[in-house]
Amino acid sequence: MLYLAAHRSRVVPCQELVREVRGYTTDETEAREVIRPHVSNLRRKLKTLGDYAKLVVNVRGIGYRLGDLSDPE
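No experiment lies behind these values; they were computed from the predicted model shown. (Residues numbered from 1 in each chain as written. Predicted model: local features only at pLDDT ≥ 70, side-chain atom pairs only at ≥ 80, totals over all residues. Heavy atoms only, no water.)

1. Concerning helix 2 (residues 14-22)
Note the cut-off: Working definition: with a 1.4 Å probe on protein chains only, accessible area under 20% of the residue-type maximum means buried, over 50% means exposed, and in between means partly exposed. Numbering goes from the N terminus for both helices and strands, where a helix is a DSSP run of H or I of at least four residues and a strand is a run of E of at least two. Throughout, a residue-residue contact means that at least one pair of heavy atoms, one from each residue, lies within 4.5 Å.
For helix 2, every residue scored as buried is listed here: C14, E16, L17 and V18. Residues of helix 2 that are buried in the fold lie against helix 1 (2-6), strand 1 (12-13), helix 3 (28-48) and strand 3 (63-66).

This is the structure we're talking about:
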């Protein structure tokens, strides 16, 4: 989540998330599979704190971005 917060103004591709957060390079398909469970766990943890699960927004086919609580998603 810190990496998304640091790059809040843009959508971060899954490959970039794996490279910067996990520390290795992978293809896009594998990157999505690596990141998906982490995002799911993060959303679950955020939901326990209130209605914060929608902070992590999936931009289909591209990656993830950090949203606002006022986002309709």
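Additional details are given in the paragraphs that follow.
2. Let's talk about the pattern of salt bridges
Opposite charge on two side chains lets them pair, provided their charged atoms get close. As a reminder of what qualifies: A side-chain nitrogen of Lys or Arg and a carboxyl oxygen of Asp or Glu constitute a salt bridge if their distance falls within 4 Å.
Taken as a whole and assessed by the stated rule, the structure comprises 6 salt bridges. Here D68 and R8 are joined by a salt bridge, their closest N and O atoms 2.7 Å apart. With D68 in the segment after strand 3 and R8 in the loop between helix 1 and strand 1, the pair connects residues that are 60 residues apart, well separated along the chain. The salt bridge partner of R32 is E28, with a shortest N-O separation of 3.6 Å. Remark: E28 and R32 occur in helix 3; sequence separation between them is 4 residues, near one turn of the helix. Residue R32 is classed as partly exposed on the basis of its relative accessible area of 32%.

3. Section: the nonpolar core
Condition: We define the nonpolar core as a collection of buried residues of types Ala, Val, Leu, Ile, Met, Phe, Trp, Tyr and Cys that are connected through side-chain atoms lying within 4.5 Å of one another.
In this structure, L4, L17, I35, V56 and Y64 are the most contacted members of the largest nonpolar core, which totals 15 residues. Elements represented by at least two residues in this core include exactly helix 1, helix 2, helix 3 and strand 3. Among the elements that take part in this core, helix 3 stands out by supplying 5 residues, more than any other. Those residues within four positions of L17 in sequence are excluded, and the remaining contacts are Y3, L4, V12, R22, I35 and Y64.

By themselves, these are just geometric observations and shouldn't be taken as functional.
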